[in-house]
Amino acid sequence: MTNADLFEAAQRVIPGGVNSPVRAFGSVGSAPYFVARAEGPYVFDVEGRRYLDFVQSYGAIILGHAHPAVTEAVAAAAADGTSYGAPTQREVRLAELIAEAAPGVEQVRLVSSGTEATMTAVRLARGHTGRPRIVKFAGCYHGHADALLAAGGSGVATLGLSGSDGVPPNAVADTVVAPYNEVPELDDQVAAVIVEPVAANMGVVPPVPGFLQGLRAACDEAGALLIFDEVITGFRLGRGGAAERFGMTPDIACFGKVIGGGLPIGALGARTEIMQTLAPTGPVYQAGTLSGNPLATAAGLAVLEQLTPEFYIDLEATVTATAAQLDTMLAEAGYEATMIQEGTLLGLYMGQPPGDDATWRPKNYDDARTTDEQAYARLHAQALAKGMAFAPGAYEAIFVSTTRKEYMEELSLRL
Ligand SMILES: Cc1ncc(COP(=O)(O)O)c(C=O)c1O
């Protein structure tokens, strides 16, 4: 089977041939490779081609693909059964580790995706405060729950603009969209402000100094809860995620990706008083047949065990070196490109910075959208032909997820 054969077959039985839209390669104008297996920094397609993988399951993989600690833990867990619908010891341990690491988190509820985590966080915030309104930021992605799909116009805060067909205006009537990196005014109708503490779905856009602190103060003043969506940043920027990096304490934190080592998982955590609002101790309903799944928790525990302070020092050094190599590679190939690094997170802005200002960095969605999508599509195709897989979308982060030596050696590749 070739990639083309499989894509044709896939499109007959799966809408667009994929189970998550970006994978269709539509925005880079080509067609996907189908992965047969992956190892360390590489994925291998069904035609036997090898790619240095900068996707890393969109940040779910931090130890490199098929890390033996993870695959062995999953195999061992599977031998004991794949799901019970009853509590297990591993769930307790994973919740303890998240609570130990994440500022402000005393209790944790495990769910099966990042979307479920943020959706539940919003319901919890509304239930806990008795208020209806949610403030989110343009360009921040929090999964595909109706109330959070509002992207809205940026620049001016907009009320109730749906981000997808099938999301009725009512579903987003209480979602306010504000520009990233500006502290919005909050009133006594606001239940929560939800934010990616480092935005990583419009390229990488770090918070400007004072933004997160300003949100904290505005929430405290208005009696609203501050939700950090750490689905990407959690356990990637460090064990304590963005909250720890910026010295912040959110009221609710959402996790996913890294904490499941590539298996479906999500989590939300908060102080006990808030978490007790969830069923069965409180009136806010939330449930899941596969929540706290034995394989996902086994994988998550195996990953978290490796995430020592030294691991993050190594990973950041690898990311810094990767950024430098990519910068050179892109310049040599004639691309105008700016690498944007925040610790272990890396983003790419394509094109000439506005006003020819070399120090310019995007601060919000309007800025981020000035990236040259066509140049990105050209780069994507050219890199793929040379055995490097960037994400098939100009707004995705570049994930570097292993400290293996081979990774750095591969980076002497040229376009
Ligand atoms: C910041 C953020 N929140 C939430 C989600 C949704 O997570 P999931 O795709 O696991 O539902 C994503 C997914 O990319 C994300 O980047």
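In this convention, every chain numbers its residues from 1, walking through the sequence in written order. It should be noted that, the model being predicted, local features are given only for residues of pLDDT at least 70 and side-chain atom pairs only at 80 or more, the latter also being counted only at that level, while totals for whole chains, interfaces and linings use all residues.

**A few points about the site of the ligand**
Stage number 1. Every one of the 15 residues lining the ligand counts as a neighbour, but Ser113, Gly114, Thr115, Gly143 and Val231 are closest to it.
Stage number 2. Ranked by residues supplied to the shell around the ligand, first place goes to helix α5 (residues 114–129) with 3 residues.
Stage number 3. Residues are grouped as follows: Ala, Val, Leu, Ile, Met, Phe, Trp, Tyr, Cys and Pro are nonpolar; Asp, Glu, Lys and Arg are charged; every other residue, Gly included, is polar. Taken together, the residues of the shell around the ligand sort by class into 4 nonpolar, 9 polar and 2 charged. Using a C-beta atom placed from the backbone, a residue is scored as near a molecule or strand whenever that atom is within 6 Å of it. Starting at the N terminus, helices and strands are each numbered in turn, a helix being any DSSP run of H or I of at least four residues and a strand any DSSP run of E of at least two.

**Focus: the environment of Gly387**
Stage number 1. Examined against the element boundaries, Gly387 turns out to sit in the loop between α12 (373–385) and β14 (388–389).
Stage number 2. With C-beta atoms placed from the backbone, a residue is labelled by how many other C-beta atoms lie within 10 Å of its own: buried for 20 or more, exposed for 12 or fewer, partly exposed between the two. The exposure class of Gly387 is partly exposed, given the 13 C-beta atoms found within 10 Å.
Stage number 3. Here the alpha-carbon distance between Gly387 and Arg123, two residues 264 residues apart in the chain, equals 44 Å.

**Looking at the domain arrangement of the protein**
Stage number 1. Assigned domains within the protein: domain 1 (3–62 + 308–410) and domain 2 (68–306).
Stage number 2. The source of the domain bounds is an automatic or database domain assignment. Measuring from the centre of the C-alpha atoms in domain 1 to the corresponding centre in domain 2 gives 24 Å.
Stage number 3. Note that contacts rest on C-beta atoms placed from the backbone: two residues are in contact if these are within 7 Å. Listed as interface residues are 25 residues of domain 1 and, on the opposing side, 28 residues of domain 2.
Stage number 4. Looking at the side of domain 1 that touches domain 2, the elements with two or more residues in it are α2 (56–59), α10 (309–332), β12 (337–342), β13 (345–350) and α11 (365–368).
Stage number 5. Examining the composition of the side of domain 1 that touches domain 2, we find that 5 residues originate from one element, β13, more than from any other.

**Observations concerning the nonpolar core**
Stage number 1. One finds Ala192, Val193, Ile227, Ile252 and Ala267 to be the most contacted residues of the largest nonpolar core, which totals 123 residues.
Stage number 2. When residues of this core are assigned to their parent elements, the largest contribution, 8 residues, is made by helix α9 (residues 294–306).
Stage number 3. Viewed by domain, this core spans two of them, domain 1 (3–62 + 308–410) and domain 2 (68–306), each represented by three or more residues. What we call a nonpolar core is a set of buried Ala, Val, Leu, Ile, Met, Phe, Trp, Tyr and Cys residues whose membership is set by joining through C-beta atoms within 7 Å.

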